[in-house]
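Examination of the molecular architecture
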Amino acid sequence: MKSINAEGVMREITDTIEAKLSDVGIMFRLFSRAKAIDSLIKKLDSDSEYGDSKKLQDLIGIRVVLYFNDDIDTAREIISSAFDERSNDVSIDENKNDEFKATRYNIVYSLSSEQTDTLNLGDEAARIDNTFELQIRTIFSEGWHEVEHDLRYKCKSDWNGFDNQSRRLNGVYATLETSEWTMIKIFDELAYSHYKNRDWSAMFRQKFRLRFVDESLDSNLLKIFEDKELVKRFFRLDRSKLIRDMNRKGFYYPMKLQNLIYFANIHKIKDEKVMALIPPMMVEEMGD
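Residues numbered from 1 in each chain as written. Predicted model: local features only at pLDDT ≥ 70, side-chain atom pairs only at ≥ 80, totals over all residues. Heavy atoms only, no water.

**Topic: the packing of aromatic side chains**
As enumerated under the stated definition, the model contains 16 aromatic pairs in all. With 5.7 Å between their ring centres and 90° between their planes, Phe-68 and Phe-187 make a pair best called edge-to-face. Of this pair, Phe-68 sits in the loop between β2 (60-66) and α3 (72-80) while Phe-187 sits in helix α6 (residues 163-196); the two residues are 119 residues apart in sequence, bridging distant segments of the chain. Between Tyr-192 and Phe-235, the aromatic rings sit 6.2 Å apart at their centres with planes inclined by 40°, giving tilted as the arrangement. (Phe/Tyr/Trp six-rings, centres within 6.5 Å; stacked < 30°, edge-to-face > 60°. Helix = DSSP H or I, 4+ residues; strand = E, 2+ residues; numbered from the N terminus.)

Here it is in structure tokens:
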């Protein structure tokens with residue numbers, strides 16, 4: 001078991017995920033771990049079903065923590081475009097209208113044949129699957145989950161008979177989830193205020209909520225944007241759909257606000273004046 005190369009495979013996976021999400025500007029933090037040998041042996045020995053009816057699937061664990069909860073499904077689609085998602089092993093809790101509770105968003109992915117060879121499971125292949133587990137959370141929920149995991153989940157007996165305190169802790173999560181949606185609403189309102197004030201750079205920054213390396217718009221584009229009706233067409237773009245389109249087209253250009261506008265024009269707006277500013281290679285590579 002000491003020859004298992006989980007760390008090397010984990011680094012390759014995290015590099016891929018980080019590149020895919022960064023290419024389209026999604027704001028996130030990424031955490032990863034490979035089970036230490038002692039922890040791995042303890043878990044395998046704790047359940048005789050490993051190697052019989054099931055295999056351990058989280059030798060490698062990846063957690064993507066997003067700034068905004070409306071990026072969850074988008075991030076999943078992007079990551080699943082790079083790895084083979086096991087649909088039968090997805091654990092995503094459905095939210096009910098009449099309750100707030102912590103939700104799981106866990107996905108299992110198969111490793112490639114090359115990664116499986118690098119992992120070098122050997123005789124342990126009967127008990128350990130050639131997979132990694134991905135958790136997707138948001139910044140707000142991440143903090144709550146860490147506290148809950150260490151001080152309630154791991155200490156269940158401490159909470160026996162204290163249902164009121166347990167319910168109140170769940171109430172904290174409800175407050176955080178509500179705050180997440182409120183935060184997005186605030187950014188949307190701010191973007192609209194900048195739209196009314198004709199501050200186009202600020203408008204786009206707050207509408208798209210992406211990590212740009214350059215948030216400026218050149219004078220030629222600003223001249224074209226004197227046409228407020230044209231700007232309105234950009235303002236009405238579906239943010240999530242645009243990000244997903246960028247991923248599907250393999251967008252690799254520097255994440256500049258100007259390049260985002262160019263991409264949106266190529267795919268959706270198709271304004272001739274804006275098109276004349278776009279480098280021909282970008283039009284050819286990113287076009288339909």
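**Concerning the packing of α3 against helix α10 (residues 239-248)**
Where α3 contacts α10, the axes come no closer than 10 Å and their chain directions differ by 10°. Classified by the angle between their axes, α3 and α10 sit roughly parallel to one another. Counted together, Asp-73, Thr-74, Glu-77 and Ile-78 of α3 and Ser-240, Ile-243, Arg-244, Asn-247 and Arg-248 of α10 form the full contact between these two elements. Each residue belonging to the contact of α3 with α10 can be placed in one class, and the counts come to two nonpolar, three polar and four charged. (Axes fitted to C-alpha atoms, helices over the stretch in contact; angles between N-to-C directions. Parallel < 35°, antiparallel > 145°, perpendicular 65-115°, else oblique. Contact = heavy atoms within 4.5 Å. Nonpolar A, V, L, I, M, F, W, Y, C, P; charged D, E, K, R; others polar.)

**Section: a negative patch on the surface**
A cluster of acidic residues, Glu-12, Asp-15, Glu-18, Glu-114 and Asp-117, forms a negative patch on the protein surface. Where the negative patch is concerned, the elements lending two or more residues are α1 (6-23) and α4 (113-119). A per-element tally of the negative patch places α1 first, with three residues. Residue placement: Glu-114 occurs in helix α4. (Patch = residues over 30% accessible without salt bridge, like charges linked within 9 Å, V, L, I, M, F, W, Y side chains within 5 Å. Areas by Shrake-Rupley, 256 points an atom, 1.4 Å probe, with all protein chains shown as cover. Salt bridge = Lys/Arg side-chain N within 4 Å of Asp/Glu carboxyl O. Lys, Arg positive; Asp, Glu negative; His and termini not counted. Charge placed at Lys NZ, Arg CZ, Asp CG, Glu CD.)

**A short note on the pattern of salt bridges**
Inspection of every chain in the model, using the stated rule, returns 24 salt bridges. One salt bridge connects Asp-45 with Arg-127, and the closest N-O pair in it is separated by 3.7 Å. Here Asp-45 is found in helix α2 (residues 37-45), whereas its partner Arg-127 is found in the loop between α4 and β6 (131-138), with 82 residues between them in sequence. Here Asp-45 falls in the exposed class, since its relative accessible area comes to 58%. Owing to a relative accessible area of 23%, Arg-127 belongs among the partly exposed residues under this scheme. A salt bridge links Arg-244 to Glu-77, with the nearest nitrogen and oxygen atoms 3.1 Å apart. Pair noted here: Arg-244 is in helix α10 and Glu-77 is in helix α3, with a separation of 167 residues, a long-range link. (Buried < 20%, exposed > 50% of the residue type's maximum accessible area, 1.4 Å probe, protein only.)

These values are about where atoms sit, not about what they do.
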